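Listed below, chain by chain, are the residues.
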Amino acid sequence: MRYVQPRPSSIVAALYTLRDLNVDLAILHGPSGCSFKHARLLEEDGIRVLTTSLGDEEFIFGGQNILEDVLRYAEKEFSPRRIAVVGTCVSMIIGEDLDAAIEASGITTPAIGVSIHAGFRENIAGVIAALEPAAKAGWISEEELERQRGVLASANQTERDRGAACKTYIAPSRGDLKHVAAAKLAELLRSGKKGMAIMNAKKETAYMFADHLCAVYECAPEANVTFVANLEARGLPKVRGDAAMILAELRARGIDPELIGSLDEYGGNGPRIAERIAEVKPEFILLVGVPHAVSPAALAGITVFSVTNGPRQVLPLKEQGHAHVMVEVDLHPKTLGVHNIVESEFGAVLRSM
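The structure reproduced in this document is the subject of the present report. Just so it is clear, the structure is predicted and the values come from calculations on it, not from any experiment. (Residues numbered from 1 in each chain as written. Predicted model: local features only at pLDDT ≥ 70, side-chain atom pairs only at ≥ 80, totals over all residues. Heavy atoms only, no water.)

What about the packing of aromatic side chains?
The tally for this structure, following the rule as stated, stands at one aromatic pair. Note on Tyr-73 and Phe-78: the rings are 5.8 Å apart at their centroids and 85° apart in plane angle, and the pair reads as edge-to-face. (Phe/Tyr/Trp six-rings, centres within 6.5 Å; stacked < 30°, edge-to-face > 60°.)

Brief notes about the pairing of strand 3 (residues 83–86)
Here strand 3 shows a buried face lined by Ile-83 and Val-85 and a second buried face lined by Ala-84 and Val-86. The pairing of strand 1 (residues 25–28) with strand 3 spans four bridges and is parallel. Each bridged residue has a counterpart across the sheet, and for Leu-25 the counterpart in strand 3 is Ile-83. Looking at chain direction, strand 3 and strand 4 (residues 111–114) are connected through four bridges and run parallel. (Buried < 20%, exposed > 50% of the residue type's maximum accessible area, 1.4 Å probe, protein only. Helix = DSSP H or I, 4+ residues; strand = E, 2+ residues; numbered from the N terminus. Pairing = 2+ DSSP bridges.)

Section: the pairing of strand 1
Both faces of strand 1 are covered, namely the face carrying Leu-25 and Ile-27 and the face carrying Ala-26 and Leu-28. Taken together, the four bridges between strand 1 and strand 2 (residues 48–51) define a ladder with parallel strand orientation. By the bridge assignment for strand 2, Ile-27 is matched with Leu-50. In the classification by handedness, the crossover that spans strand 1, the intervening helix 2 (residues 36–42) and the parallel strand 2 is right-handed. (Right-handed = clockwise from strand over helix to strand, strands pointing away.)

Details of helix 1 (residues 10–20)
The buried count for helix 1 comes to eleven of eleven residues, which makes it a mostly enclosed element. Those residues of helix 1 that sit buried are Ser-10, Ile-11, Val-12, Ala-13, Ala-14, Leu-15, Tyr-16, Thr-17, Leu-18, Arg-19 and Asp-20. The residue sitting at the N-terminus of helix 1 and contributing the capping side-chain oxygen is Ser-9; that oxygen lies 3.1 Å from the backbone nitrogen of Ile-11. A positive backbone phi angle near 65° is found at Asn-22, which sits one or two residues after helix 1. (Polar contact = N/O pair within 3.5 Å; in protein donor to acceptor, adjacent residues only side chain to side chain.)

Quick notes on the nonpolar core
Grouped burial of nonpolar side chains is what soluble globular proteins tend to show. Judged by nonpolar contacts, the single largest core of 43 residues is most densely connected at Leu-189, Met-199 and Leu-231. Those elements giving two or more residues to this core turn out to be helix 9 (178–189), strand 5 (195–200), helix 10 (206–219), strand 6 (225–229), helix 11 (237–252), strand 8 (284–289), strand 9 (303–308) and helix 15 (345–352). It is helix 10 that provides the largest number of residues to this core, a total of ten residues. Excluding anything up to four places from it in sequence, Leu-231 contacts Met-199, Ala-243, Ile-246, Leu-247, Leu-250, Leu-259, Gly-261 and Leu-263. One finds Val-12, Val-86, Val-114 and Ala-129 within the second-largest nonpolar core, a separate group that totals 35 residues. (Core = buried A, V, L, I, M, F, W, Y, C linked by side-chain atoms within 4.5 Å. Contact = heavy atoms within 4.5 Å.)

A word on unusual backbone geometry
Positive phi values are uncommon outside glycine, yet Asn-22 reaches one of about 65°. Structurally, Asn-22 can be placed in the loop between helix 1 and strand 1. Phi at Ser-53 is positive, roughly 50°, even though this residue is not glycine. Along the chain, Ser-53 falls in the loop between strand 2 and helix 3 (56–61). Under the relative-accessibility criterion, Ser-53 is labelled partly exposed at 40%.

Printed below as a string of structure tokens:
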């Protein structure tokens, strides 16, 4: 049976990928309201998003002339370094040729067309749709394109196996009470028992998930805890930059984590993290970011505190044996456009202990 709960959009996935490629201006070729929320949020993160605002008349007669005009306007008014034209359901249905419009506009700014719409059941289609023309334009290497295909496939499989896509419908939940879980975690940290604090976060969400590691250290600096973070230097330009900034701040705050995976490898990072868990043999774990990447078998017999930003992830994590599951509901808007670790709700509560 198909999913009956809303799933991420391929158009939005393309926009976020373009941001990671350091595109600083994107044009949505479609109605003015298409992907409005994320288009607005992305402007907090350094990418200007315009729209061709197609209406009824263009639905019938086409909107290439309008797109050409907006391309010329964008170049003249904003002087961007890179432009991307992103398709929508409307531009797909009426058969717009994005590359032809770019060429006909006469702009000299490096630009690519991303032929995408929201009719794909897997949002990774939008990522690939952005990466393929970027590789053709020389913005990334063919090797990086193939690497991205691999990490996307792993992330997709993890969501199907143990994530929010593992069921036809999952009711959203705010998770466990943070002060109750924090009190139990603080007790374990001060008990002398062996623990691990593991961040396996997706891209910019790490700016807040890293705060959970900081809170553990500040709550009990002498605790017997092994810190792990997926901050290896791989990925698209923005992803590598974010990892470097977060790692530098963690070290400045007294934490030098073991590095396992990069910020875009969260989906397939579970087996590597599982190997390290087996070596350390902790009695408790704080696992933040994408906790479901780690298999239940790797966590058997361990008291697990997990933190996610997905309300639909609570039930699957509970079913996988996580003792305490917390949700950072407003995490994503708070981690756009930032360059420092952002305090988390659970981190703040843990510090208060």
